[in-house]
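# Residue-level structure breakdown
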Amino acid sequence: MIATLPTREQVDRIACDLAPDVVRIRVNVAQDWSDDPAIYFRVILSDEASRRDRLADVAGLVRTKLFDELRLAELEHLPYFRFRSRSEQDKLQDPAWD
């Protein structure tokens with residue numbers, strides 16, 4: 001079976017599974033800086049999950065779950081992950097992250 005690009009519903013379900021640490025995940029497909037196909041994940045974490053003593057573990061868990069459940073290794077698209085805390089997003093109000 002060939003892996004397909006993830007749907008919003010799949011990504012939303014994973015975000016829900018990772019709550020309350022993950023507030024939401026947004027995804028878009030585009031070309032990266034070297035013109036290769038890429039898939040970008042923008043992950044908003046709770047302020048608790050964004051603490052210095054938890055961030056690395058939570059981010060690793062999010063990456064692993066996305067890789068495994070969406071079968072990202074089977075895609076021709078390179079995955080990129082960006083993380084932001086809820087309070088950081090509240091301050092920046094970046095619509096791409098909503």
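Located above this text is the structure these notes cover.
Not measured: the values here are computed from a predicted model.

Basis of the calculations
All residue numbers refer to positions counted from 1 along the written sequence of the respective chain. Only residues with pLDDT of 70 or above have their local features reported here, since the model is predicted, and side-chain atom pairs are shown and tallied only from 80 upward, although totals for entire chains, interfaces and linings are computed over all residues. Side-chain measures were taken over the full set of non-hydrogen atoms in the model, leaving aside hydrogen atoms and water. Numbered from the N terminus, helices here are DSSP runs of H or I no shorter than four residues, and strands are runs of E no shorter than two. The span you would expect from a helix comes to 1.5 Å times its residue count less one. Relative accessible area decides the class of each residue, using a 1.4 Å probe on protein chains only: under 20% of the type maximum gives buried, over 50% gives exposed, and in between gives partly exposed. Directions are taken from the helix axis to each C-beta atom, and the arc is the one they span. Whether two residues are in contact is decided by their heavy atoms: any pair within 4.5 Å suffices. By the convention used here, strands pair only if DSSP detects at least 2 bridges between them. Here, axes are lines fitted to C-alpha atoms. For helices the fit covers the stretch in contact, and angles between N-to-C directions go from 0 to 180 degrees.

Moving on: helix α2 (residues 55-70). Since the α-helix turns once every 3.6 residues, residues separated by three or four places project in the same direction. Counted at 1.5 Å a residue, the expected span for α2 with its 16 residues is 22 Å, and the 22 Å between its end C-alpha atoms agrees. Among the residues making up α2, those that are buried are Val-58, Ala-59, Val-62, Lys-65, Leu-66 and Leu-70. End-on view of α2: buried residues confined to an arc of 130°, all on one side of the axis. Seen from the buried face of α2, the exposed residues on the opposite side, beyond 90 degrees, are Ala-56, Asp-57 and Asp-68. In this structure, the buried side of α2 is in contact with α1 (8-17), β1 (22-31), β2 (37-45) and β3 (78-85). Just beyond α2, the residue with positive phi is Arg-71, at close to 55°.

Here we take up the sheet that holds β3. Read from one edge to the other, the open sheet built from 3 strands follows the order β1-β2-β3, with strand pairing classed as mixed. Sheet topology places β1 and β3 at the edges, where each strand pairs with a single neighbour. Going across the sheet, the axis of each strand differs from the next one's by a mean of 20°, ignoring polarity. By the bridge criterion, 8 bridges tie β2 to β3 in an arrangement that is parallel. Across the sheet, Phe-41 pairs through a bridge with Phe-81, a residue of β3. In the packing of α2 onto the sheet, contacts are made with β1, β2 and β3, and the angle to β3 comes to roughly 145°.

Structural measurements only, silent on function.
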